[in-house]
Amino acid sequence: MKHFLTIAMMVLLALGARAVNAHQVTETSPNGNLVVRCEVRYGKVYYDVTYKGKTVIKPSLLGFDLVGKRTGEFNNFDETHAEPEPVSLCSNLRVVTTEHSTHDETWHPVWGEETAIRNHYNEMAVMLEQLEGRQMVVRFRVYDDGVGFRYEFPRQRVLNYFVIAEERTEFAMTGDHTAWWIGGDYDTQEYEYTRSRLSEIRGLFDKAITPNSSQTQFSRTGVQTSLQLKTDDGIYINLHEAALVDYPCMSLNLDDKRMVFQAWLTPDAQGNKGYMQTPCHTPWRTIMVTDDARDILASRLILNLNEPCKIEDTSWIKPVKYMGVWWELISGAHSWAYTDQLPSVKLGETDYRKVKPSGKHGANNANVRRYIDFAAEHGFDQLLIEGWNEGWEDWFGNSKDYVFDFVTPYPDFDIKALNDYAHSKGIRLMMHHETSSSVRNYERHLEAAYQLMERYGYNSVKSGYVGDIIPRGEYHYGQWMVNHYLYAIQKAAEHHIMVNAHEAVRPTGLCRTWPNLIGNESARGTEYQAFGGTQPGHTAILPFTRLQGGPMDYTPGIFEMNLSTFSPDNDSKVLSTICGQLALYVTLYSPLQMAADLPENYLKHMDAFQFIKDVPVEWERSVYLEAEPMEYVTIARKDKNSDSWFVGNVAGKQDFNSVIKLDFLDKGRKYEATIYADARDANYRTNPQAYTITRRKVDAKTTLRLRSVAGGGYAITLRPIQ
Ligand code: NOJ
Ligand code: CA
């Protein structure tokens, strides 16, 4: 008997199965700093997290409410599913088994902040069963820099097709932390961040959400992820999600009496949250934890929790530096529309050749050629053209189904000749698909639109989802739209097309799996500088929040801060300095970077423009030198294709004195540093174009002391001297 028990124990250990039938199981990060505990109490499942012995997430509920079924068995989809009482997947649970394992691998992204990423974690899979027989696994992955967990539903007779009424996941805070947040909204993240105590969110909510927003808000304490938090004892916590696929986007609703965040999924048009079929799983819920803010920027938790690349041949995916016929449209100097003579447009029936052009159409042959010449001369890869296709006269706010066909150019845009001209100069045009959120119309035309791109030699598209979704009642962040965005990316991959989607759901690391997703907007980008401005600090919080999920097409590089100089009706001021703009090419990582300003504005500052020409979009290594959310970010990155380094610093609302050691440089080697810095009298409101460019010799022993003004920054090129 004793012998039998020993063998049984050995088998269990070999299977990695510990603590069978126990009510409490734990897993620890590889370095031992983070510990996750999962516990079943009176049939309910909770988890908590400690960091260096301190609790950072108090016991927090796990589970779901399902839309009720008369039979109680979810083995087929029942149209009459709506029952008054939801079925709880939070109670009557017990642990069946727990499996532990360790993983350590290094993978190489197609593009990224570095060329090698270590994926090292300990895993604990807790298999749970309800009295009713339903089974659910909670899988935890515990990294040195954070925790990811998700729910998995094995194929099972009593839980086959089901509808989620609400995910009940909680994140219980240990106190009234400081949070950098944007308000809950099912359709947009294009807000400025508010820094406040958790207890202040309710009072500040209405001010934080743009008052004229037509978007749906769900609660006065609802916030979006990635959410950055800081405890009074200096611990940084970041909540987000990874690998959002076939599931609605999660926001967080704060119970501000208990200081507990609760998952709040984006509903569909009927108010349901998610439609599931087993076997299936949710995205990962992520909790980064550290006592050094720079670790949040260095963390690869979100990417690591995504699936490896699913594109076999990635040789056609290339980082892109581009310009565009764009800022002149956003600022109002020119228009997307061809004419102002048409009160409404019927695509296919409207003959644009017979209407008078307004004379303000930006995407005209002569203007596009002018941009091609400039972009090609200065080494850019691509040129984005917006407003090239028919339909812009009534594209917005009309809930119009057949709004664009994505294949018919306006009469003054010669698609063949312009592409040929661009190619003859060694650059490509970048396609633009504004869908006006008529998504069913887009899906109808997608194949033909991608084919047109292939025919003329486009290999990248900027897509956009402005306005209310058609099918009507769906939201930008619901499961239906989440599936659409991925469908557009996957179809694009079949055509070897790279995608940069604006107004899509905020990213969750899917670019690891689909690296042709080279950009997203999904936050407040530079365009708002033309709509009244964005306060300093915004670009110093984005790396902590929005950029956690993937790169942003922020469209930096504005040199002319006074828009009325070229767009007389626009009195907006860009609240930044020229050097603050240069820094963004380093501090806001993206394999897709735009020089957003007009050629004529760059011509006035060609010495500063040199940095934009020099800065790479492919990196080998990144070093995070200084960081505090919304206050300052300083990053050094090594070029993938040379031995040069580039450094960027942005300052928030206060001036910032930066002190950086260049010990990341090769020891014993000399470098020439070209330093683009705010002049002493620079000011983001009154003197934004004042900068100095200095050169000096440096090496790995050098310490640099540089000052950035509020809303400003600096940029440095470090070239080895042979
Ligand atoms: C909003 C996008 O963010 C912007 O870049 C684009 O120019 C407009 N939509 C029009 O598509
Ligand atoms: Ca936008």
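Residues numbered from 1 in each chain as written. Chains lettered and ligands numbered in written order. Predicted model: local features only at pLDDT ≥ 70, side-chain atom pairs only at ≥ 80, totals over all residues. Heavy atoms only, no water.

Asker: Which residues make up the coordination of the calcium ion (ligand 2), and what values go with them?
Answerer: Distances from the calcium ion (ligand 2) to its protein donors, Glu-190 (OE), Glu-503 (OE), Glu-521 (OE), Glu-521 (OE) and Glu-527 (OE), fall at 2.3 to 2.6 Å. Considering all six donor atoms around the calcium ion (ligand 2), angles at the metal cover 52 to 161° and the coordination shape is irregular. On the primary sequence, the residues serving as donors to the calcium ion (ligand 2) are separated as E-x312-E-x17-E-x5-E. Of this pair, Glu-190 sits in the loop between strand 13 (178–181) and strand 14 (194–197) while Glu-527 sits in the loop between strand 28 (517–520) and helix 10 (538–541); the two residues are 337 residues apart in sequence, bridging distant segments of the chain. (Donors = N, O, S within 2.8 Å, 3.2 Å for Na, K, Ca; no water. Tetrahedral: all angles 85-135°; square planar, octahedral: opposite > 155°, others 65-115°. Helix = DSSP H or I, 4+ residues; strand = E, 2+ residues; numbered from the N terminus.)

Asker: So what's going on with unusual backbone geometry? Residues and values would help.
Answerer: Between Thr-225 and the following residue, Ser-226, the backbone shows a cis peptide bond with an omega angle of 5°. Secondary-structure assignment places Ser-226 in the loop between strand 15 (222–223) and strand 16 (227–230). Between Thr-278 and the following residue, Pro-279, the backbone shows a cis peptide bond with an omega angle of 0°. Among the secondary structure elements, Pro-279 is positioned in the loop between strand 20 (274–277) and strand 21 (280–281). Not every positive phi belongs to a glycine, and Lys-52 is a case in point at roughly 45°. At Thr-555, a residue that is not glycine, the phi angle is positive and equals roughly 60°. Summarising the element assignment, Thr-555 is placed in the loop between helix 10 and helix 11 (578–587). We classify Thr-555 as buried; its relative accessible area is 2%. (Buried < 20%, exposed > 50% of the residue type's maximum accessible area, 1.4 Å probe, protein only.)

Asker: Please set out the site of ligand 1 residue by residue, giving values where relevant.
Answerer: Taken together, 13 residues lie near ligand 1, and Glu-386, Glu-434, Lys-462, His-502 and Glu-527 sit nearest. Within the side chain of Glu-386, one N or O atom sits 2.6 Å away from an oxygen atom of ligand 1. At 3.0 Å, a side-chain N or O of Glu-503 approaches an oxygen atom of ligand 1. For ligand 1, whose accessible area on its own is 290 Å², the fraction buried by protein is 94%. (Near = heavy atom within 4 Å. Polar contact = N/O pair within 3.5 Å; in protein donor to acceptor, adjacent residues only side chain to side chain. Areas by Shrake-Rupley, 256 points an atom, 1.4 Å probe, with all protein chains shown as cover.)

Asker: Requested: an account of helix 11, with residues and values cited.
Answerer: Taken across its 10 residues, helix 11 has 10 buried, putting it largely inside the fold. Looking only at helix 11, the buried set comprises Ile-578, Cys-579, Gly-580, Gln-581, Leu-582, Ala-583, Leu-584, Tyr-585, Val-586 and Thr-587.

Asker: Describe the packing of aromatic side chains, naming the residues involved and giving the relevant values.
Answerer: Tallied over the full model, the rule gives 35 aromatic pairs. Between Tyr-47 and Phe-140, the aromatic rings sit 6.3 Å apart at their centres with planes inclined by 45°, giving tilted as the arrangement. Highlighted residues: Tyr-47 in strand 3 (residues 44–51) and Phe-140 in strand 9 (residues 135–142), separated in sequence by 93 residues. A relative accessible area of 1% means that Tyr-47 is categorised as buried. Classification of Phe-140 as buried rests on a relative accessible area of 0%. Seen from their ring centres, Phe-153 and Phe-162 are 5.0 Å apart, and the 65° between their planes marks the pair as edge-to-face. Across this residue pair, the class does not change: Phe-153 and Phe-162 are buried. Chaining the aromatic ring pairs together yields one cluster made of Trp-336, Trp-392, Trp-395, Phe-396, Phe-404, Phe-406, Tyr-442, Tyr-465 and Tyr-485. (Phe/Tyr/Trp six-rings, centres within 6.5 Å; stacked < 30°, edge-to-face > 60°.)

Asker: So what's going on with the environment of Gln-270? Residues and values would help.
Answerer: With respect to the element layout, Gln-270 can be found in the loop between strand 19 (260–265) and strand 20. The spacing of Gln-270 and Gly-473 is 203 residues in sequence and 8.0 Å in space, taken between C-alpha atoms.

Asker: Outline the sheet that holds strand 37 (residues 713–720), listing residues and values.
Answerer: One open sheet accounts for six strands, arranged 30-31-32-37-34-35; its pairing is antiparallel. Each edge of the open sheet is held by one strand with a lone partner, namely strand 30 (619–628) and strand 35 (691–698). The mean inter-strand angle of the sheet, taken between neighbouring strand axes irrespective of direction, is 15°. Helix 11 contacts strand 30, strand 31 (632–639), strand 32 (645–651), strand 34 (671–678), strand 35 and strand 37 of the sheet and is inclined by roughly 125° relative to strand 32. Against the sheet, helix 13 (residues 606–614) contacts strand 32, strand 34, strand 35 and strand 37, and its axis sits at roughly 120° relative to strand 34. (Pairing = 2+ DSSP bridges. Axes fitted to C-alpha atoms, helices over the stretch in contact; angles between N-to-C directions. Contact = heavy atoms within 4.5 Å.)

Asker: Describe the sheet that holds strand 23 (residues 320–325), with residues and values.
Answerer: What links the strands of a sheet is backbone hydrogen bonding, and the strands pair in either a parallel or an antiparallel sense. Overall, parallel pairing links the seven strands, which are arranged 28-27-26-25-24-23-29 in an open sheet. The open sheet terminates on both sides in strands that have one partner only, identified here as strand 28 and strand 29 (592–594). Recorded for the sheet is a direction-independent mean angle of 25° between the axes of neighbouring strands. As paired strands, strand 23 and strand 29 are joined by three bridges and run parallel to one another.

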